[in-house]
Structure formats: structure tokens, C-alpha cells
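# Overview (structure and organization)
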Amino acid sequence: MAQKKTPAQPVPPTLSVALPPRAGGHDELNVAQLSLISAQSRVPDSYTSWSRTYEAGERIVTVTCTALTGEVVPHGLDNDVMVAIINLYIEDACPDDGILQTTLHRLLNAAGLATSAHYYREVRKSLRRLQSTNYQILQGWWVQGRQKHMDTSFNYLWQVTAHTEDRNDAGTVLDIRLPDQMAQSIREGYVKPLNLSLYRELSSPPVRAVYRVLDALRWESTTGQAQDEVTVPLLD
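It should be emphasised that the depicted structure is a prediction, and the values quoted were computed from it without experimental measurement.

Our next topic: the pairing of strand 6 (residues 148-155). A regular strand carries its side chains on alternate faces of the sheet. Relative to strand 6, strand 5 (residues 133-143) runs antiparallel, the two being bridged by seven bridges. If you follow Tyr 135 over to strand 6, its bridge partner there is Phe 154. Remark: four residues form the turn of the hairpin made by strand 5 and strand 6, two consecutive strands paired antiparallel; Gln 147 in that turn has positive phi of roughly 55°.

A few words now on the sheet that holds strand 4 (residues 99-103). Pairing is antiparallel across the open sheet formed by three strands, whose spatial order is 4-8-7. Across the chains shown, the open sheet's two edge strands, defined by having one partner strand only, are strand 4 and strand 7 (159-163). Each neighbouring strand pair of the sheet contributes to a mean axis angle of 15°, computed without reference to strand direction. The sheet contact formed by strand 7 and strand 8 (residues 173-177) spans five bridges and is antiparallel. Across the sheet, the residue bridging to Ala 162 is Leu 174, located in strand 8. Sheet strands touched by helix 2 (residues 77-91): strand 4 and strand 8. Its angle to strand 4, the strand with the most contacts, is close to 105°. Set on the sheet, helix 4 (residues 117-131) makes contact with strand 7 and strand 8; between it and strand 7 the angle comes to about 145°.

The subject of this paragraph is the packing of aromatic side chains. All chains considered together, the criterion is met by six aromatic pairs. Between the aromatic rings of Trp 50 and Tyr 135, the centroid separation amounts to 6.4 Å while the plane-to-plane angle is 65°, which identifies the pairing as edge-to-face. Here Tyr 135 lies in strand 5 and Trp 50 lies in strand 2 (residues 49-56), a separation of 85 residues in the sequence. Across the pair, Tyr 135 and Trp 50 agree in class, each one buried. Since its relative accessible area comes to 0%, Tyr 135 is described here as buried. Grouping aromatic residues by their ring pairs yields a cluster made of Trp 50, Tyr 135, Trp 141, Phe 154 and Tyr 156.

Let us look at unusual backbone geometry. If a residue is not glycine, its phi is most likely negative; likewise, a peptide bond is most likely trans. The backbone of Cys 94 sits at a positive phi, close to 50°, despite the residue not being glycine. Note on placement: Cys 94 falls in the loop between helix 2 and strand 4. Of note in the backbone geometry, Gln 147 takes a positive phi value of approximately 55° without being a glycine. Secondary-structure assignment places Gln 147 in the loop between strand 5 and strand 6. Under the relative-accessibility criterion, Gln 147 is labelled partly exposed at 45%.

This next bit is on the nonpolar core. Counting 44 residues, the largest nonpolar core has Met 82, Ile 85 and Leu 127 as its most contacted members. Where this core is concerned, the elements lending two or more residues are helix 1 (29-34), strand 3 (59-67), helix 2, helix 3 (104-110), helix 4, strand 5, strand 8 and helix 5 (180-187). By residue number, the principal contributor to this core is helix 2, which donates eight residues. Aside from chain neighbours lying at most four places away, what touches Ile 85 is Leu 100, Leu 107, Leu 127, Leu 157, Ile 176 and Leu 178. Of all hydrophobic cores here, the second largest spans six residues; its members include Leu 29, Tyr 190, Ala 216 and Trp 219.

Cut-offs and rules
Residues numbered from 1 in each chain as written. Predicted model: local features only at pLDDT ≥ 70, side-chain atom pairs only at ≥ 80, totals over all residues. Heavy atoms only, no water. Pairing = 2+ DSSP bridges. Helix = DSSP H or I, 4+ residues; strand = E, 2+ residues; numbered from the N terminus. Axes fitted to C-alpha atoms, helices over the stretch in contact; angles between N-to-C directions. Contact = heavy atoms within 4.5 Å. Phe/Tyr/Trp six-rings, centres within 6.5 Å; stacked < 30°, edge-to-face > 60°. Buried < 20%, exposed > 50% of the residue type's maximum accessible area, 1.4 Å probe, protein only. Core = buried A, V, L, I, M, F, W, Y, C linked by side-chain atoms within 4.5 Å.

See the structure below:
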């Protein structure tokens with residue numbers, strides 16, 4: 001008797017997923033872990049400074065933020081702008097002078113923002129806040145070349161120069177100079193991976209800001225290794 005053949009089972013289709021552009025990015029560990037930018041979407045006009053002190057192992061870390069020239073402290077969307085600037089600086093091979101030269105249109109794209117007149121204006125405001133804010137950091141800035149935490153002081157952006165007459169033109173060329181401490185830290189490799197695809201899928205600037213700092217806190221400065229989880233007090 002002929003043996004009955006079992007029908008061949010259909011082969012399930014292979015799922016091929018193309019990663020979106022800039023799925024893999026980076027963040028400078030000091031600024032991400034220190035959470036220098038408020039997660040709040042909006043702040044009152046009176047919010048021109050803040051200070052916090054906390055224990056980090058055997059160190060007592062103090063961070064003081066002071067907005068100058070009538071500005072409020074960096075907040076909300078400023079996190080997205082700084083993540084974009086850091087990644088564009090790395091993409092452009094980390095110039096020794098710390099200057100990122102880019103267009104306003106490219107900056108918006110890197111920040112995952114719509115290229116609309118509204119966001120052109122908002123990003124210009126953000127750059128002004130970042131340039132006009134000073135940070136004093138005691139025992140909280142890790143210097144990779146010296147393998148120790150040190151005191152430092154800087155404005156989040158040292159200088160922003162626009163080369164155009166139209167302040168909101170998409171083709172505006174910007175020279176954005178990072179503070180020497182941050183640029184040097186990036187060049188020395190004190191950065192961590194940042195999943196930009198996931199970061200941009202998060203629903204709002206506050207959520208992205210919280211994700212940014214929590215992801216950074218997983219990384220140990222002295223070993224360069226990431227923990228699987230991190231625990232922080234809610235009041236932080």
C-alpha cells in the first residue's frame with residue numbers, strides 16, 4: 001500500500017523591519033546624568049534659577065543653574081535640541097574647536113521636530129535660553145582624561161551665531177559652540193548609546209527628558225558599564 005504523504009506545511013513569511021534613520025545615537029554622560037534641563041514643558045517667568053545637592057557615593061554633588069539676561073531656565077523642548085546638537089557634533093567628527101556648523105533645518109530634523117515656522121521660532125528661543133544659562137557644578141563633572149570628578153562652570157552653549165538676515169529661515173546657517181568641558185568630554189569618548197528611535201517615539205518633552213536621565217543613570221562612570229535597572233527616589 002502506498003504511503004500517504006503529509007502535506008507540506010506553509011513556511012511563515014520572514015519579517016524584515018527597516019530601522020528608521022538615526023535609530024542609534026549618543027549622549028554625553030555628564031549632562032545626561034546631572035539632568036541639567038528641567039523636564040517641565042512650561043515654566044513660570046519667575047523660574048530663573050534652581051539648585052540641588054545630593055549624595056553620590058562618598059561625594060556631595062551640588063548643581064546650581066542660573067538663567068541670565070531675563071531668560072528662564074532651560075526646560076522641555078531644550079532637551080530635544082541638546083540631544084540633536086550632541087549627535088550632530090559627533091556626526092561631524094567632533095571638531096576640535098567645539099563648533100558645530102549646521103542649518104536650522106538640519107537641527108530640527110535631528111531633534112525630530114516638524115520643519116514648520118512654529119518650531120523654527122521655538123528652537124531659536126531654545127538656543128537663546130541654552131546660551132544664556134550658567135551652571136555651577138561641584139564634585140559632579142567626570143573628567144575622563146583624569147579619571148576623577150571635578151568642579152566646573154559653564155553656559156550650556158558657549159556661543160550661537162546665525163548667518164542670515166531672516167532669523168527663522170530654514171536655510172539659516174548656525175555656528176553653535178559647545179562649552180569646552182562638554183566638547184572635550186565627547187572627544188574623549190565619555191558618551192553612551194542613546195536609542196534615538198525610541199526617544200522620538202515618546203509622547204512629550206517631559207517624558208523624553210525623564211527617559212534621557214534614567215537611561216543615563218544606568219551607566220557607571222568609572223567602569224563604563226550599564227546596569228540592567230536603576231532606582232531613584234521619586235522626589236528627585
